[in-house]
Amino acid sequence: MAHNTTKMNKQTRVFKITSSNLSEVIRECADIIQRGGTVAIPTETVYGLGANALDPIAVNRIFYAKGRPADNPLIVHVASVQQLEELVLEIPPKALSLIEAFWPGPLTLILKRKGIVPDITTGGLDTVAVRMPSDIVARELIRVAGKPIAAPSANISGRPSPTNAAHVLYDLDGKIDAVIDAGNTCIGVESTVIDMSGEKPAILRPGYVSAKKIEEIIGEVEIGYNNHLTDPPGIVRSPGMKYTHYSPSATVMLLEGTQDHVSNKIREMYAELTCKGDRVGLLVTDMALSSLTNDIVYLGAKDEPEEVARNLFLGLRALDEKGVNIILADGSFTHEGVGTAVMNRLRKASEMIIQL
């Protein structure tokens, strides 16, 4: 199935997964990867824009399509520990313990790299970020292509990450070779990133795998995702640390506090802003606010952070499509577990944070 485009330089093919065509789609898309092309792939976290991680020209096509700064390292996806061994100098014992506990799954390890990994894939660092996705489509594509696949989120750099193929096409139609449409992703926020290349493990980006779960396996870890940059100044150790991320076209204002305080403040701000002529969208955990407007997305219950995570990027994009120019985002959900990751993404997406 082809997807027609205008004013673009190529036609993006859309492969919709059905119960009978998985192996055929995988073969065709593996061929695109082997030929140096770009394929947007589903993972359990978000959709990634994939290319052969060992081919600098192919990787450059990722940066070009996304408009991504070249000093922002990419995550390399593998289908086996053997593939990982081909990319890294060593797998420390604690890293191996994390692999046994959480792979395949939404945990990215930063390890010292071998020379086979090109500089463009690592942002010029002596380390490489690697994970093994649990999504069967992604893993099978890597296996059949026979190449590790570099795959940052399949969106225009800085936009909310895509959690379905429609989001990918909205941003990248005509800029990439293909997209595999396997429906909505099941987690909705990106992987946890942990640096295992130094003396002490450090979590550089929160994700579905919480610091608590990691510490149960390997003991105490540092939390580094509040420190955006490292020494020397300007060097980025992990994807998602340096640049504005996850932002819709609308201005996001994040309100943090108890649900009662947040809901009351949203009502007050909604009245003030609409009175000034703004079109205001709401991203909330309180269903009672639906009486204010149809421009509303329900994130989920405040004590169900996994539901909130699944709906976060979906909600930001849905409100953009409604044409709102301001989004009032509810930060009253629990910040434990994956809630930490959701709050991290919301804070990066927001131009204003209001503590109540």
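Residues numbered from 1 in each chain as written. Predicted model: local features only at pLDDT ≥ 70, side-chain atom pairs only at ≥ 80, totals over all residues. Heavy atoms only, no water.

Q: Before we move on, can you summarise the sheet that holds strand S16 (residues 326–330) with the specific residues and values?
A: In spatial order, the strands read S15-S14-S16-S13-S17; together these 5 strands make up an open sheet with parallel pairing. Whereas interior strands pair on both sides, the edge strands pair on one side only; in this sheet they are strand S15 (296–298) and strand S17 (352–355). Going across the sheet, the axis of each strand differs from the next one's by a mean of 15°, ignoring polarity. Here strand S13 (residues 251–256) pairs with S17 via 4 bridges, running parallel. Looking at S17, one finds that Leu-255 is bridged to Ile-354. (Pairing = 2+ DSSP bridges. Helix = DSSP H or I, 4+ residues; strand = E, 2+ residues; numbered from the N terminus. Axes fitted to C-alpha atoms, helices over the stretch in contact; angles between N-to-C directions.)

Q: Tell me what's going on with the nonpolar core, and back it up with residues and numbers.
A: Core analysis: the biggest nonpolar cluster contains 45 residues, and Leu-98, Trp-103, Leu-107, Leu-109, Ile-194 and Ile-214 have the highest contact counts within it. Of all the elements in the fold, those that place two or more residues in this core are strand S4 (48–52), helix H2 (56–66), helix H3 (81–87), helix H4 (93–102), strand S6 (107–112), strand S7 (127–131), helix H7 (165–172) and helix H8 (211–218). The element that contributes the greatest number of residues to this core is H2, accounting for 5 residues. Core analysis: the next-biggest nonpolar cluster, separate from the first, contains 26 residues, Ala-250, Val-308, Ala-329 and Ala-349 among them. (Core = buried A, V, L, I, M, F, W, Y, C linked by side-chain atoms within 4.5 Å. Buried < 20%, exposed > 50% of the residue type's maximum accessible area, 1.4 Å probe, protein only.)

Q: Outline the environment of Phe-63, listing residues and values.
A: Structurally, Phe-63 is set in helix H2. Separated by 14 residues in the primary sequence, Phe-63 and Leu-49 have C-alpha atoms spaced 9.7 Å apart. Among residues more than four places away in sequence, those in contact with Phe-63 are Arg-68, Pro-69, Ala-70, Asn-72, Leu-74 and Ile-120. (Contact = heavy atoms within 4.5 Å.)

Q: I'd like a rundown of helix H6 (residues 136–145), residues and numbers included.
A: Among all positions in H6, only Val-137, Ala-138, Leu-141, Ile-142 and Ala-145 are buried. Mapping the buried residues of H6 onto a view down its axis gives an arc of 135°, with all of them on the same face. Looking at the buried positions of H6, the neighbouring elements they touch are helix H1 (22–34), strand S3 (39–41), strand S5 (75–77), H3, strand S8 (149–150) and strand S9 (178–181). At the N-terminal end of H6, a side-chain oxygen is found 2.9 Å from the backbone nitrogen of Val-137, two or three residues along, and the residue is Asp-135. A positive backbone phi angle near 70° is found at Gly-146, which sits one or two residues after H6. (Arc of directions from axis to C-beta. Polar contact = N/O pair within 3.5 Å; in protein donor to acceptor, adjacent residues only side chain to side chain.)

Q: Give a detailed account of the packing of H4 against H8, specifying residues and quantitative values.
A: One can describe the packing of H4 onto H8 by two numbers: an axis separation of 9 Å at closest approach and a directional angle of 120°. Classified by the angle their axes make, H4 and H8 are oblique. Our pair here, H4 against H8, has a crossing hand that is right-handed. Between H4, through Lys-94, Ser-97, Leu-98, Ala-101 and Phe-102, and H8, the contact on the second element is made entirely by Lys-213, Ile-214, Ile-217 and Ile-218. In terms of residue class, the contact of H4 with H8 is built from 6 nonpolar, 1 polar and 2 charged. (Parallel < 35°, antiparallel > 145°, perpendicular 65-115°, else oblique. Left-handed = near helix turned anticlockwise from the far one by under 90°. Nonpolar A, V, L, I, M, F, W, Y, C, P; charged D, E, K, R; others polar.)

Q: Hey, could you go over helix H9 (residues 259–275) for me, with residue numbers and the actual values?
A: Compared with an ideal rise of 1.5 Å per residue, which puts 17 residues at 24 Å, H9 spans 24 Å between its outermost C-alpha atoms and is within 8% of the ideal. Listed in full, the buried residues belonging to H9 are Gln-259, Val-262, Ser-263, Ile-266, Met-269, Tyr-270 and Leu-273. Along H9, the residues classed as buried sweep out an arc of 135° about the axis, all on the same side. Exposed side of H9, more than 90 degrees from the buried face: Asp-260 and Cys-275 are the residues found there. Each element contacted by the buried residues of H9 is listed here: S13, strand S14 (280–284), S16 and S17. Phi turns positive one or two residues past the end of H9, at Gly-277, with a value near 100°. (Expected span 1.5 Å × (residues − 1).)

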